[in-house]
Amino acid sequence: VESLTVGELASKLHKEPSELIKKLMFLGVMATINQELDKDSIELIATDYGVEVEEEIVIDETEFENYADEDKEEDLKERPPVVTIMGHVDHGKTTLLDSIRKTKVTEGEAGGITQHIGAYQVETSGKKITFLDTPGHAAFTTMRARGAQVTDITILVVAADDGVMPQTKEAISHAKAAGVPIIVAVNKIDKEAANPDRVMQELTEFELVPEAWGGETIFVNVSALAGTGIDELLEMILLVAEVAELKANPDKLARGSVIEAELDKGRGAVATLLVQSGTLKVGDPIVVGSSFGKVRAMVNDLGRRVKEVGPSTPVEITGLNEVPLAGDQFQAFPDEKKARQIGEVRMSRQREANLAASSRVSLDDLFNQI
Ligand code: GDP
Ligand code: MG
């Protein structure tokens, strides 16, 4: 830190400028809010508050967290639920995701060419629902391991002709550990061998008891292949979302998580972000995990260019200096300098961490599951 005004230092320390002015007066310095403070005075005051000034970044990085300020109740607006689909292999997760997308996306967005960005939104009964189409297991294990909690609701797909299987149990324990409500989609009811009652029976062992049997879990019979029961499933998602009262403040700098990211030959680092609060705009300086940059362009799940997106919206962005990891958190900043400073510190830390880590779990292994 070379020099700062009283006002700038106050905001870095999260104190009122008047408090600093008083303290300075006590130290024999008469100061105004716009007065430049030299290094020694900055150090003196910061030390007094128990903050180290040796590294400018130490103060700056706390700002990453502080942008997540508690929102006032009146600033919170309803946001779409973010849904992941989990279940045993071959029980129909991919088919269900495709089926939901096909039946709904084309309805309102005729002619829209859908694009795989790792997540998509549909609209039903005038309300939006966001689906992550990265594998549910990866979304839970990888992303949660990185501190990202993105899912509001889990759809547990269980094939009616196969019943509860090992990955079904795994999915239940992941969702329960994360405290995420489960809706059971009993799939493949079109099949001769389908036995939805048996699925219900088996799931009661895991405290997933259907409402019809006095429990609280919603079960929907579907055929992902034939498109049966999809509308009802979507209605049930909206119902659970309503009970959960999902809200976010759209009127601030965006914050959220990386859904997936890759290096594109032509476009450089490309990342699908899920905005979880605030609004992300083209041109915003941004820190994503340990990478940073300015949002150059944003493309939505229909392949359309967008200028800004609000909470619960997935969007693909370019403009980052490096490829971030799934589950990384991102935060938009008011100025580019700050974003770069924080990004650089995080990047060097990441490098150290990478050197320290002798072995790494292959993300591909997880991502190949769906
Ligand atoms: P995933 O491994 O859970 O993603 O399962 P997939 O979506 O890849 O489906 C596995 C197989 O089950 C595929 O051959 C699908 O065509 C089939 N399948 C999925 N849903 C249904 C359904 O509702 N009815 C029938 N009969 N087959 C289905
Ligand atoms: Mg699949």
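Given the structure is predicted, the values throughout are model-derived calculations rather than measurements.

Student: Now, about the nonpolar core: what can you tell me, with residues and values included?
Tutor: Leu96, Ile100, Phe131, Ile155, Ile183, Leu233 and Ile237 are the most contacted members of the largest nonpolar core, which has 26 residues in total. When residues of this core are traced back to their parent elements, those giving at least two are strand 4 (82-87), helix 5 (93-108), strand 5 (119-124), strand 6 (127-132), strand 7 (153-159), strand 8 (182-187), strand 9 (218-221) and helix 9 (230-244). Ranked by the residues each element gives to this core, the list is headed by helix 9, at 7 residues. Phe131 has contacts with Val83, Ile85, Leu97, Ile100, Ala119, Tyr120, Val122, Leu234 and Ile237, leaving out every residue within four places of it along the chain. Core analysis: the second largest hydrophobic core is formed by 18 residues, Ala269, Leu280, Ile286 and Val288 among them.

Student: Explain the pattern of salt bridges to me, and be specific about the residues and the numbers.
Tutor: Between side chains of opposite charge, a pair can form as their charged atoms come close. Applying the stated criterion to the full structure yields 11 salt bridges. Between Glu73 and Lys247 there is a salt bridge, with the nearest N and O atoms lying 3.6 Å from each other. Here the residue Glu73 occupies a position in the loop between helix 4 (56-66) and strand 3 (77-78), and Lys247 occupies one in strand 10 (residues 247-248), the gap between them amounting to 174 residues. The closest approach of N and O atoms between Lys77 and Asp251, which form a salt bridge, is 3.4 Å. Highlighted residues: Lys77 in strand 3 and Asp251 in the loop between strand 10 and strand 11 (255-264), separated in sequence by 174 residues. Through salt bridges that share partners, Asp264, Arg267 and Glu316 make up one connected network.

Student: Go over the site of ligand 1 with me, naming the residues and quoting the values.
Tutor: Neighbouring ligand 1 are 15 residues; Asp90, Lys93, Thr94, Thr95 and Asp190 lie closest to it. At a separation of 3.4 Å, an oxygen atom of ligand 1 approaches a polar backbone atom of His91. Between ligand 1 and Gly92, the relevant distance is 3.0 Å, taken from an oxygen atom to a main-chain nitrogen or oxygen of the residue. Computed on the free molecule, ligand 1 has an accessible area of 580 Å², of which 76% lies beneath the protein chains in the complex. In terms of residue count, the dominant contributor to the shell around ligand 1 is helix 5 (3 residues). Residue classes in the shell around ligand 1 are distributed as 3 nonpolar, 7 polar and 5 charged.

Cut-offs applied
Residues numbered from 1 in each chain as written. Chains lettered and ligands numbered in written order. Predicted model: local features only at pLDDT ≥ 70, side-chain atom pairs only at ≥ 80, totals over all residues. Heavy atoms only, no water. Core = buried A, V, L, I, M, F, W, Y, C linked by side-chain atoms within 4.5 Å. Buried < 20%, exposed > 50% of the residue type's maximum accessible area, 1.4 Å probe, protein only. Helix = DSSP H or I, 4+ residues; strand = E, 2+ residues; numbered from the N terminus. Contact = heavy atoms within 4.5 Å. Salt bridge = Lys/Arg side-chain N within 4 Å of Asp/Glu carboxyl O. Near = heavy atom within 4 Å. Polar contact = N/O pair within 3.5 Å; in protein donor to acceptor, adjacent residues only side chain to side chain. Areas by Shrake-Rupley, 256 points an atom, 1.4 Å probe, with all protein chains shown as cover. Nonpolar A, V, L, I, M, F, W, Y, C, P; charged D, E, K, R; others polar.

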